[in-house]
Amino acid sequence: MSEHAVFDRLFGTAGHNVISEGQFLHGSAQLGNESITVIGTRDHAAIDGPLALRIADAILQAVSADATTHPAPRPILFIADTQGQALSRHDELLGLNGYFAHVARCVDLARRQGHRLLTLIHGEAVSGGFLAFGMLADRICALPDAQVRVMDLRAMARVTKISFERLEELADVSPVFAPGAENYWRMGGIHEIWSADDNWSERLAAALVSATETDDRAAIGLERGGRQLAAPTAQLVAVA
Amino acid sequence: MNGRRISYFEASARMRLSGLVDAGSFSEFCPPEMRQTSPHLAQLGAPQAFDDGVVVGRASLAGHAVLIAAQEGRFIGGSVGEVHGAKICGLLDKAMVERPAAVLLLVDSGGVRLHEANAGLIAISEIMRAVLQVQAAGIPVFALVGGSCGAFGGMGIVTRLCAEVVMSEQGRLGLSGPEVIETVKGVEEFDSRDRALVWRITGGKLRRALGDATRLVDDLIPAFRAAAADLIERYQTHPLTPAHLDTLLDEQARLAARSERFASARDGLEIWQAAAFADASQVPELTVEEFNLQLGEPA
């Protein structure tokens, strides 16, 4: 499903004006009487320095525009479709980690300025590309086709020197390392997974209402049983 | 062992910690006796550590209260798993309550621990949000990078979120490690066994010349201590102000200019040249003192 077909389902065919330039998406959309800024990546983008800067720039523009012209800051919907960070000597030389940190600071500024932040995973959300902006939203939603991972099991087997068969066997019972949006849901890393039959407009509206600006993911991971140590361990340290 | 000359690179996390803070001032939270180990490593039959590879606690540094975390690079590459990440998150939560003069992160990590990859990735995003929250509250976080694993993957991003980044020449900072790039893109893209090249792409002298590291110090624990103490003093007189629109627009312009100016750069030599070193090829030979004297404005 193309991202524009997704926007049609979310906002109706006349309800969105989102432009794709290469692998970058930006624009606005209307959900009921609420105006929403849309920023994201498409086509399994490998996020490099220039793409990271376009995302950051779009966030800063949204913050800047709403600081002066809008009575209330508009929500920002991030569309995450990324195969991860770009892998190149050039990007490393220039410090791609610093470009991603800059994007994260822009996301944080938007939150502090009162923008509600939502991520919708469409396609892939992988490793550093997912960390750069998608994972930093107030509420993270995944479309039914979403694939979420750090690394596929074969590569993981090579690095950890644990046999692929053993990893595959454990992947059935443990959400902790195997790819899959469902695993992230159980661990609190994804708030909701939408089904193909859902009314996506309604789900988006509901997600906007549920978005909280405090990071609730460790508590959710505990509640859902997929991440039973994160919240209690952080608590042990916090009260020590 | 002579504590004054001890290499930061070669020291363990606990040695770095005890040499960094005021003598006897460190108290550990969630210490090894509590055996807060990773059940996921156990499930995979991998070795565990009673501190899960990170030491967190409270100390004083030059008389100022600090909260501090030190990653142990010798334990699965300092990698971040569920417990390891939660200890750092808990420390940052605590900073919001205790308001120390600074939070110090002694980063020595390749990033996400693959044995518990999903938990590690989520944990790093939680650390990112927590660092941003702590700094928005006016408490500076410093990253110290000089260990054998450097600061890579998500911990490379966390490092660059910090108000200050202190590095040694031996320290390395990046996102994807050279081995990963070589494996995926081939040896002609990045030869990870060419140590000199690796340091020219990721090392402290390159990062300092770009301004990504804010201090370059000798590979000695007292040198890291002196830099941290000096920075704490500076933030006492000039408190951290939360990032606002103008600061981020400036950073946007700075990074855009970097991308444009070095659009085809593939070697640190090109950066050093631009940073006005008389002879870029000699930069690897310079002592830290000579380097800092010759460095004008970061490129």
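Model, not experiment: these values are computed from the prediction. (Residues numbered from 1 in each chain as written. Chains lettered and ligands numbered in written order. Predicted model: local features only at pLDDT ≥ 70, side-chain atom pairs only at ≥ 80, totals over all residues. Heavy atoms only, no water.)

Engineer: Any chance you could break down the overall build of chain B for me, citing the residues and the numbers?
Structural biologist: Within chain B, the regular secondary structure consists of twelve helices and seven strands. Scaling as 2.2 N^0.38, a compact globule of 299 residues should have a C-alpha radius of gyration of about 19 Å, and chain B matches this with 19 Å. With respect to the three principal axes, the spread of C-alpha positions in chain B is 55 × 45 × 45 Å. A burial count over chain B gives 62% of its 299 residues as buried. Put simply, chain B shows about 10,800 Å² of open surface, and 52% of that area lies on carbon and sulfur atoms. Averaging the positions of the 28 positive and the 37 negative side-chain charges in chain B gives two centres separated by 3 Å. (Helix = DSSP H or I, 4+ residues; strand = E, 2+ residues; numbered from the N terminus. Rg over C-alpha atoms; globule rule 2.2 N^0.38 Å. Buried < 20%, exposed > 50% of the residue type's maximum accessible area, 1.4 Å probe, protein only. Areas by Shrake-Rupley, 256 points an atom, 1.4 Å probe, with all protein chains shown as cover. Lys, Arg positive; Asp, Glu negative; His and termini not counted. Charge placed at Lys NZ, Arg CZ, Asp CG, Glu CD.)

Engineer: Outline the interface of chain B and chain A, supporting the account with residue identities and numerical values.
Structural biologist: Across the contact, 78 residues belong to chain B and 72 residues belong to chain A. Roughly 6,400 Å² is buried in total at the junction of chain B and chain A, and carbon and sulfur atoms are behind 66% of that figure. It is Leu114, Asn118 and Arg129 of chain B in chain B that bury the most area against chain A; as a group they hold 13% of the surface buried on that side. Joining chain B to chain A, the criterion identifies one salt bridge. The partner of Glu126 of chain B in a salt bridge is Arg227 of chain A, and the shortest N-O contact between them spans 2.8 Å. Scanning the region where chain B abuts chain A turns up 35 residue pairs in polar contact (both at pLDDT 80 or more). Here the side of chain B that touches chain A gets twelve residues from one element, more than from any other, and that element is helix α4 (residues 117-136) of chain B. A breakdown of the residues in the side of chain B that touches chain A according to their chemical character gives 43 nonpolar, 17 polar and 18 charged. (Contact = heavy atoms within 4.5 Å. Buried area = accessible area lost by both parts, 1.4 Å probe. Salt bridge = Lys/Arg side-chain N within 4 Å of Asp/Glu carboxyl O. Polar contact = N/O pair within 3.5 Å; in protein donor to acceptor, adjacent residues only side chain to side chain. Nonpolar A, V, L, I, M, F, W, Y, C, P; charged D, E, K, R; others polar.)

Engineer: How would you sum up the packing of helix α10 (residues 217-224) of chain A against helix α11 (residues 230-239) of chain A? Please name residues and give values.
Structural biologist: Residue and element names in this part refer to chain A. The geometry of α10 relative to α11 is characterised by a closest axis approach of 8 Å and an angle of 130° between their N-to-C directions. Looking at the two axes, α10 sits oblique to α11. In contact with Ala218, Ala219 and Leu222 of α10, α11 contributes Ala230, Ala231 and Pro232. Residues belonging to the contact of α10 with α11 are distributed by class as follows: six nonpolar, no polar and no charged. (Axes fitted to C-alpha atoms, helices over the stretch in contact; angles between N-to-C directions. Parallel < 35°, antiparallel > 145°, perpendicular 65-115°, else oblique.)

Engineer: Please give an account of unusual backbone geometry that cites residues and values.
Structural biologist: A positive phi is found at Asp43 of chain A, a non-glycine position, where the angle reads about 55°. In this structure, Asp43 of chain A sits in the loop between β3 (34-41) and β4 (45-47). The phi dihedral of Arg99 of chain B falls on the positive side, at around 45°, and the residue is not glycine. With respect to the helices and strands, the residue Arg99 of chain B is situated in the loop between α3 (82-98) and β4 (102-107).

Engineer: Account for the nonpolar core, with residues named and values stated.
Structural biologist: As a rule of thumb, nonpolar side chains are buried together in soluble globular proteins. If you look at the biggest cluster of nonpolar residues, it comprises 130 residues, and the most contacted ones within it are Ile59 of chain A together with Val103 and Leu105 of chain B. The leading source of residues in this core is α4 of chain B, at twelve residues. Ala11, Val21, Leu144 and Tyr235 of chain B belong to the second largest nonpolar core, which has 31 residues in total. (Core = buried A, V, L, I, M, F, W, Y, C linked by side-chain atoms within 4.5 Å.)

Engineer: Give a description of the pattern of salt bridges that names residues and reports values.
Structural biologist: Counted by the stated rule, this structure contains 32 salt bridges over all chains. Measuring nitrogen to oxygen at the nearest pair gives 3.0 Å for the salt bridge that ties Asp108 of chain A to Arg112 of chain A. Here the residue Asp108 of chain A and the residue Arg112 of chain A both occupy positions in helix α4 (residues 96-112), the gap between them amounting to four residues, near one helical turn. A salt bridge links Arg203 of chain A to Asp198 of chain A, with the nearest nitrogen and oxygen atoms 2.9 Å apart. Residue Arg203 of chain A is classed as partly exposed on the basis of its relative accessible area, which comes to 26%. A cluster of three or more residues bridged by salt bridges with shared partners is formed by Arg160, Arg207, Asp212, Glu251, Arg254 and Arg258 of chain B.

Engineer: With reference to specific residues and values, describe the sheet that holds strand β2 (residues 54-61) of chain B.
Structural biologist: Strand pairing in a sheet relies on backbone hydrogen bonds. The paired strands run either parallel or antiparallel. All names here are of chain B. Spatially, β1-β2-β3-β4-β5-β6-β7 is the arrangement adopted by the seven strands of the open sheet, whose pairing is mixed. This sheet does not close on itself; its edge strands, each paired only once, are β1 (27-29) and β7 (215-217). Within the sheet, the average angular offset between the axes of one strand and its neighbour, ignoring direction, is 25°. Judged from the three bridges that link them, β1 and β2 form a sheet pairing that is antiparallel. Among the inter-strand pairings, Glu28 is bridged to a residue of β2, identified as Gly57. (Pairing = 2+ DSSP bridges.)

Engineer: Would you mind going over the pairing of strand β7 (residues 139-142) of chain A in detail, with residue names and values included?
Structural biologist: Residue and element names in this part refer to chain A. Neither face of β7 is exposed, since Arg139 and Cys141 on one face and Ile140 and Ala142 on the opposite face are all buried. Bridge count between strand β6 (residues 117-126) and β7: four bridges; the pairing is parallel. Bridge pairing in β7 links Ile121 to Ala142. Handedness of the β-α-β unit built from β6, helix α5 (residues 127-132) and β7 comes out right-handed. (Right-handed = clockwise from strand over helix to strand, strands pointing away.)

Engineer: How would you explain the packing of aromatic side chains if you had to name every residue and give the values?
Structural biologist: Residue and element names in this part refer to chain B. Scanning the model with the defined rule gives six aromatic pairs over all chains in all. Between Tyr8 and Phe224, the ring centres sit 3.9 Å apart and the planes meet at 25°, which makes this aromatic pair stacked. Remark: Phe224 occurs in helix α9 (residues 221-237) and Tyr8 occurs in the segment before α1 (13-20); sequence separation between them is 216 residues. On the basis of relative accessibility, which here comes to 0%, the residue Phe224 falls in the buried class. It is Lys94 that lies over the ring of Phe29; its NZ or CZ is 4.7 Å from the centre. Over the face of the ring belonging to Trp199 we find Arg172, whose NZ or CZ atom lies 5.7 Å from the ring centre. (Phe/Tyr/Trp six-rings, centres within 6.5 Å; stacked < 30°, edge-to-face > 60°. Lys NZ or Arg CZ within 6 Å of the ring centre and 35° of its normal.)

Engineer: I'd like a rundown of the pairing of β4 of chain B, residues and numbers included.
Structural biologist: All names here are of chain B. Counting buried positions along β4 yields six of six residues, so the element is predominantly enclosed. Of the two faces of β4, both are covered, the one formed by Ala102, Leu104 and Leu106 as well as the one formed by Val103, Leu105 and Val107. Bridge count for strand β3 (residues 64-71) against β4 is five bridges, and the pairing is parallel. In the sheet register, Ala70 faces β4, and the bridge partner there is Leu106. As a crossover connection, the stretch from β3 through α3 into β4 is right-handed. Sheet analysis places β4 next to strand β5 (residues 141-145), joined by five bridges and oriented parallel.

Engineer: Help me get a handle on the packing of helix α6 (residues 153-160) of chain A against helix α7 (residues 164-171) of chain A, residues and values and all.
Structural biologist: Residue and element names in this part refer to chain A. Here α6 crosses α7 at 120°, and the two axes come no closer than 9 Å. Compared by their axis directions, α6 and α7 come out oblique. Between α6 and α7 lies a crossing of right-handed hand. Taken together, the residues of α7 that come into contact with α6 (itself represented by Leu153, Arg154, Met156, Ala157 and Thr160) are Phe164, Leu167, Glu168 and Ala171. Of the residues assigned to the contact of α6 with α7, the class counts are six nonpolar, one polar and two charged. (Left-handed = near helix turned anticlockwise from the far one by under 90°.)

Function-wise, these values are silent; they only describe arrangement.
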